[in-house]
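The lines below spell out each chain.
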Amino acid sequence: MADALTQLGFASWLSVLIASIIKVTLILVGGSVGMMFLTWYERRAISYMQDRRGPNRVGPQGLLQPISEAIKTMTKEDATPREADRIVHFLAPVVMLGATVLSFAVIPWGRMFPVDLNAAVLFVIATGGLHSIGMMMAGWGSNNKFALLGGMRGVAQLISYEIPQVMAIIPVVLMTGSMSLQKIVEAQNDFGGLGWFVFSPVGLLGFALFFTASLAEGERTPFDIPEADSEIIAGYMTEYSGMKFAVFYLSNYMSNLAVCFITATLYLGGGNGPGVDALGGFAGGLLSLIYFLLKSFALFFIMVLIRATVPRLRVDQLMGFAWKFLLPLVLVNILSASFWVALLRWDQQWPQLTEWFGAPSTADATNWGRLAIAVVLTLLINAGAVALIMRLTNRNVQKHLYTTDEELALGLS
Amino acid sequence: MNPIAIGVFIVIALLTLGSGIMVVTVRNIIHSALWLIASFIGVAALYLLMEAEFLAVVQILVYAGAVSILVLFAIMLTRQVTGEGVRVVFERWWVALLIALGLFGVIVPTLWQHGSTWEEASKLAQVGPAPVEGTAAAGLQVATATEIGRSFMGEYLLPFEVISILLLMALIGAIVIAYEERTRRRRVLTLAEELALKKRGIVEPRDAEGAVVALDSEQA
C-alpha cells in the first residue's frame, strides 16, 4: 500500500505513515464492529441450538441488537469500588484490550499481510500471555475476594494452557522451517491450494490440541472457570460496570476471533484454496480473503457448538487436563512431526544429511511412496498415543469418581 | 543510527529506567511488580529497536507474561501486600549499591570493547550493503531465531545444557517441597459422602485425619 501511495506523489515517510494509519484504523474498526456482530451471531446460533429464538426484535432478525447494547453500556454508570486501587482498576481493561488488538497486527487476511514479523507465531502467543497481567490487575485492583479468586484462577489457567498451546505450534514450525505466518501459509499451498497441515496426521492432532488449548486461553466454555457465574460471580470482572465491562467483553470476543484466525492460518491453510492461484491478482486475493473468513467463522461456529454442548470443567479437572492430557500428547506430536519432516523434507531442512545419506530421488512432497510411509508412521504414533493417554485418563477419572466403603470409613482416599 | 532511531531509543530507555526506579521506590509491592512488568516491556521495545524481533517476543512471552506473573502470585501469597510500614531503604543499602556498581563495572567495559564493532556495524548499515558474512559486523546480527538456535546448539551447547539441568533441579526441588505423602493427604469429601458417613455412624473424617497425624507424631 505504501508503494502505491509513493507513486501517487507522497513523500516516502508520509506514505508509510498514511498506509500504517489506514491499516490500524481498518483493524481497529473492523475488529470492534465485527465483534459486535459476532455477539449477535453467537447468541442467535446458541439460541437455535437450545430451541429458542434469541435476539430478534431490534432491526431485521435482531441485527441491530448489538448497537442498542452498545448504547446501553455506554450510558450505564461507571462505578469504581471505594476501597479499590483506582489506577490499577482503571488500567486492567486497557491492558487486556491493548494486548488483544496487538495480536491482530500479524494476522494474514488472505494474501494480505499487515506486518510480516519473523517471529509472528510467537508474537501471537506473547500477546495472549499479556492477558494474564490484565486479569491479575483486574482481580487485585477491584479489592473484592471473588474478583481476586477469579483473577488467580484465570491466570493459573492461562499460564498452564500457554504451554501446550506453544508446543502445539512446534510441529507446524518444524514442517515449515519458519515462524513467519506468511511462510506458513505458503507452505500449505501444495496440491492445488489444498495441502493444509490439518490433512496430515501430525497437523490433525496439532490442530485439535492447539484449538483446545486456545479455547482455554480465550476462556471459552468448557474452560470459562475464571468467570464461572455460579461459583465466583463474574470472576475478575465482578466489580466492573458500564464501558469498562464492555471493554473486557470486547477484548474477550476479539481474542476469540484472533484464535480462530490463527488456527485457520496455522492448520487450515489460511487463504489457500482451490482457484486462488489460478485467478491470481486482485480477484485471487479477494477469493483468498473469502476462504480465510469462511474458515475462521466455521471455527467460531465450532466454538459456539462446544459452548452449547459441553459442561464446564472443575478447577482440578482443568489443571489435570492441561498437564496430564494435553502436554504428553503435544510432546508425542512433536516427535511424530520430526519423523514427518525427516521422511519428507530432510534434504531441504538439513542439507548436511544429504551429504551423508545422498540426495532423495525427488525433493518435493509429491513423492507418493515417502508420503505414504510418513502418513502411516505418524498416524500410528499419534493414534497410539491418543488411545493410550485417553485410557490412562479414563482409569484415573474412574478411580476418583468412586470411593470404596473402607476409604469412606477412614476418610482417606 | 539515524536521528529518529536515537530519539526513540532515548525515550524508551528513559521510560525503562524510570519504571525501574519506580520498582524499587514504590511502597506498594503489587505496584512495584507492575512497574517491573513495564520495565520488562521497555526492554522488549529496546530489542525491537535493534531489530531483534525474536528476542523481543521471547522477552515479552517469558518475562512479562510468565516471570512477572509468578512474582505477583508469590506476593499475593504473602500476608502484607500494602501498608505504610513497608520500608523502602534498609540499613544495608550500601551492599546492594556495591553489587549494582560491580555489575555496572562488568557491563560497561564489555560494551566498550564491543563499541568499535558496534560503530563499524552502524557505519555499514548507513552505507547500505549488508555486512559481509564472517566479519565482526555480521556477528552482531544474532537476532534471528535461526542464529540463536545455532549458537545454542553449537557454540554455547555446554552452558545451555548446564542451565537446563539447573532448571530441572529447581523443578524437582519444588516438587519435593510441595509433595505431601499420599497417606497423609485426604480428599475433600462431598456433602453426600459426609452424609453417608454420618448415616452409618462412622467416625468423623476430621477425627480420622487427626488420628493419622497423632500416630505420625508418636513415631517421630
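As the structure is a prediction and not an experimental result, all values here were calculated from the model.

Quick word on the overall build of chain A
Across its full length, chain A holds 17 helices and 0 strands. In chain A, buried positions account for 48% of the 413 residues. In chain A, the proportion of contacts linking residues at least 24 apart, taken out of those at least 6 apart, comes to 76%. Here chain A has roughly 19,400 Å² of accessible surface; of this, 68% comes from carbon and sulfur atoms.

Description of the overall build of chain B
Regarding its fold elements, chain B presents 9 helices and 0 strands. Going from the N terminus to the C terminus, chain B shows its helices and strands as α-α-α-α-α-α-α-α-α. Across the 220 residues that make up chain B, the buried fraction comes to 20%. The long-range fraction of contacts in chain B, counting pairs at least 24 apart against all pairs at least 6 apart in sequence, stands at 49%. For chain B, the exposed area adds up to about 16,200 Å²; of that, 70% sits on carbon and sulfur atoms.

As for the domain arrangement of chain A
Residue and element names in this part refer to chain A. Assigned domains within chain A: domain 1 (1–72) and domain 2 (76–317). Using C-alpha coordinates to define each centre, domain 1 is positioned 17 Å away from domain 2. Contacts between domain 1 and domain 2 engage 14 residues on the former and 18 residues on the latter. Taken together, both faces of the contact between domain 1 and domain 2 bury some 1,600 Å²; the carbon and sulfur share is 79%. Broken down residue by residue, the surface that domain 1 buries against domain 2 is led by Ile27, Leu38 and Glu42, which jointly contribute 34%. In this assembly, domain 1 and domain 2 are joined by 1 salt bridge. Between Glu42 and Arg307 there is a salt bridge whose closest N-O contact spans 2.6 Å.

Considering helix H6 (residues 145–176) of chain A
All names here are of chain A. Here H6 is 32 residues long and its end C-alpha atoms lie 46 Å apart, about the 46 Å a rise of 1.5 Å per residue gives. Largest kink in H6: about 25°, centred on Glu162, with the proline Pro164 one to four residues after it. The residue sitting at the N-terminus of H6 and contributing the capping side-chain oxygen is Asn144; that oxygen lies 2.7 Å from the backbone nitrogen of Phe146. Just past H6, the residue Gly177 takes up positive phi, approximately 80°.

Digging into the nonpolar core
A:Phe104, A:Tyr161, A:Leu181, A:Phe210, A:Leu266, A:Tyr267 and A:Trp340 are the most contacted members of the largest nonpolar core, which has 77 residues in total. Here the element with the most residues in this core is helix H11 (residues 242–267) of chain A; it accounts for 12 residues. When near neighbours in sequence (up to four residues on either side) are disregarded, A:Tyr161 contacts A:Ala213, A:Ala216, A:Glu217, A:Phe223, A:Leu318, A:Phe321, A:Ala322 and A:Leu326. Within the second largest apolar cluster, 29 residues are counted, among which are A:Ala92, A:Phe248, B:Ala33 and B:Met76.

Some words on the pattern of salt bridges
Residue and element names in this part refer to chain A. Applying the stated criterion across every chain yields a total of 3 salt bridges over all chains. When the shortest N-O distance is used, the salt bridge between Glu69 and Arg43 registers 3.6 Å. Here Glu69 is found in helix H3 (residues 65–75), whereas its partner Arg43 is found in helix H2 (residues 12–49), with 26 residues between them in sequence. The class for Glu69 is partly exposed, based on a relative accessible area of 28%. Looking at Arg43, the relative accessible area reads 32%, which means it is partly exposed.

Describing a nonpolar patch on the surface
A grouping of B:Trp93, B:Trp94, B:Val95, B:Leu97, B:Leu98, B:Ile99 and B:Leu101 is seen on the molecular surface, where their side chains present a nonpolar patch of about 740 Å² in accessible area. Relative to the assigned elements, B:Leu97 resides in helix H4 (residues 93–127).

Examining the side chain of A:Ser160
Inspection of the secondary structure puts A:Ser160 in helix H6. The contact partners of A:Ser160, leaving out residues within four places of it in the chain, are A:Met319, A:Ala322 and A:Trp323.

Observations regarding the confidence of the model for chain B
Residues and elements named next belong to chain B. Of the residues in chain B, 64% reach a pLDDT of 70 or more, and the chain-wide mean stands at 74. Confidence scores differ between elements of chain B, with helix H5 (residues 136–139) showing the lowest mean pLDDT of 43 and helix H7 (residues 157–178) the highest of 89. Contacts from residues 127–140, a stretch scored under 50 in pLDDT, to residues over four places away or in other chains number 13 contacts. Every residue in residues 210–216 is under pLDDT 50, and counting partners more than four places away or in other chains gives 1 contact. With a pTM of 0.79, the predicted complex shows an ipTM of 0.76.

Describing the UniProt feature "transmembrane region" (unreviewed entry) in chain B
Residue and element names in this part refer to chain B. Within this numbering scheme, the UniProt entry marks residues 6–26, 33–50, 56–77, 89–112 and 156–179 as carrying the feature "transmembrane region" (unreviewed entry). Secondary structure within residues 6–26 divides into 95% helix and 0% strand; the distance between the first and last C-alpha atoms comes to 29 Å. Secondary structure content for residues 33–50 is 94% helix and 0% strand, while the C-alpha to C-alpha distance between its ends is 26 Å.

Re the packing of helix H5 (residues 120–141) of chain A against helix H3 (residues 53–77) of chain B
Contact geometry for H5(A) and H3(B): axes closest at 9 Å, N-to-C directions at 25°. When the interaxial angle is binned, H5(A) and H3(B) end up roughly parallel. In terms of crossing hand, the pair formed by H5(A) and H3(B) is left-handed. Where H5(A) approaches H3(B), its residues A:Leu122, A:Phe123, A:Ile125, A:Ala126, A:Gly129, A:Leu130, A:Ser132, A:Ile133, A:Met136 and A:Trp140 are matched on the opposing element by B:Phe54, B:Val57, B:Val58, B:Ile60, B:Leu61, B:Ala64, B:Gly65, B:Ile69, B:Leu72, B:Phe73 and B:Met76.

Here we look at the packing of aromatic side chains
Residues and elements named next belong to chain A. Within this structure, the stated rule accounts for 16 aromatic pairs over all chains. Seen from their ring centres, Phe207 and Tyr267 are 6.1 Å apart, and the 65° between their planes marks the pair as edge-to-face. Placement of Phe207 in helix H9 (residues 201–217) and of Tyr267 in helix H11 is noted, with a sequence separation of 60 residues between them. There is no split in this pair, since Phe207 and Tyr267 are both buried. For the pair Phe245 and Tyr249, a centre-to-centre distance of 6.0 Å together with 25° between the ring planes defines the contact as stacked. You can see Phe245 and its partner Tyr249 sitting in helix H11, 4 residues apart, about one turn around the helix. In this structure Tyr249 comes out as partly exposed when scored by relative accessible area, which is 36%. A connected cluster of aromatic rings, assembled from ring pairs, spans Phe104, Trp109, Phe261 and Phe292.

Quick notes on the rules
Residue indices begin from 1 for each chain and proceed along its sequence in written order. Here the convention is simple: chains get letters from A, ligands get numbers from 1, in the order in which they are written. Residues qualify for local features only when their pLDDT is at least 70, as the model is predicted, and side-chain atom pairs are given and counted only at 80 or more; totals for whole chains, interfaces and linings, by contrast, use all residues. Only hydrogens and water are set aside when side-chain values are computed; all heavy atoms of the structure are taken into account. Secondary structure elements are defined from DSSP: runs of H or I of at least 4 residues count as helices, runs of E of at least 2 residues count as strands, and each element is numbered from the N terminus. Think of it in three bands: with a 1.4 Å probe and only protein chains considered, a residue is buried below 20% of the maximum accessible area for its type, exposed above 50%, and partly exposed in between. Whether two residues are in contact is decided by their heavy atoms, any of which lying within 4.5 Å being enough. Areas reported as accessible are Shrake-Rupley estimates using a 1.4 Å probe. Residue values count occlusion only from the protein chains shown. Where each domain starts and ends follows an automatic or database-derived domain assignment. Buried area: the sum, over both parts, of the accessible surface (1.4 Å probe) that disappears when the two are put together. Between Lys or Arg on one side and Asp or Glu on the other, a salt bridge is scored when a side-chain nitrogen of the former is within 4 Å of a carboxyl oxygen of the latter. To estimate how far a helix should extend, the number of its residues minus one is multiplied by 1.5 Å. Bend is computed residue by residue as the angle between axes fitted to the seven residues ending at the residue and the seven residues starting at it. Think of a polar contact as two N or O atoms within 3.5 Å of one another; within protein, one of them needs to be a possible hydrogen donor and the other a possible acceptor, and neighboring residues in sequence only count if both atoms come from side chains. What we call a nonpolar core is a set of buried Ala, Val, Leu, Ile, Met, Phe, Trp, Tyr and Cys residues that are connected through their side-chain atoms within 4.5 Å. The patches described consist of residues with a relative accessible area above 30% and no salt bridge, like charges being joined within 9 Å and nonpolar side chains (Val, Leu, Ile, Met, Phe, Trp, Tyr) within 5 Å. Residue-level confidence of the predictor is summarised by pLDDT, bounded by 0 at the bottom and 100 at the top. UniProt positions are given in the numbering used here, feature names are shortened, and annotations may be inferred rather than shown by experiment. To define axes, lines are fitted to C-alpha atoms, for helices over the stretch in contact only, and angles between the resulting N-to-C directions are given on a 0 to 180 degree scale. Angular relationships are summarised with four words: roughly parallel below 35 degrees, roughly antiparallel beyond 145, roughly perpendicular across 65 to 115, and oblique for the angles in between. Crossing handedness follows the turn of the near helix against the far one: under a right angle anticlockwise gives a left-handed crossing, and clockwise gives a right-handed one. In this analysis, rings of Phe, Tyr and Trp, with Trp reduced to its six-membered ring, are considered paired at centre separations within 6.5 Å, and the interplanar angle assigns stacked below 30 degrees, edge-to-face beyond 60, and tilted for intermediate values.

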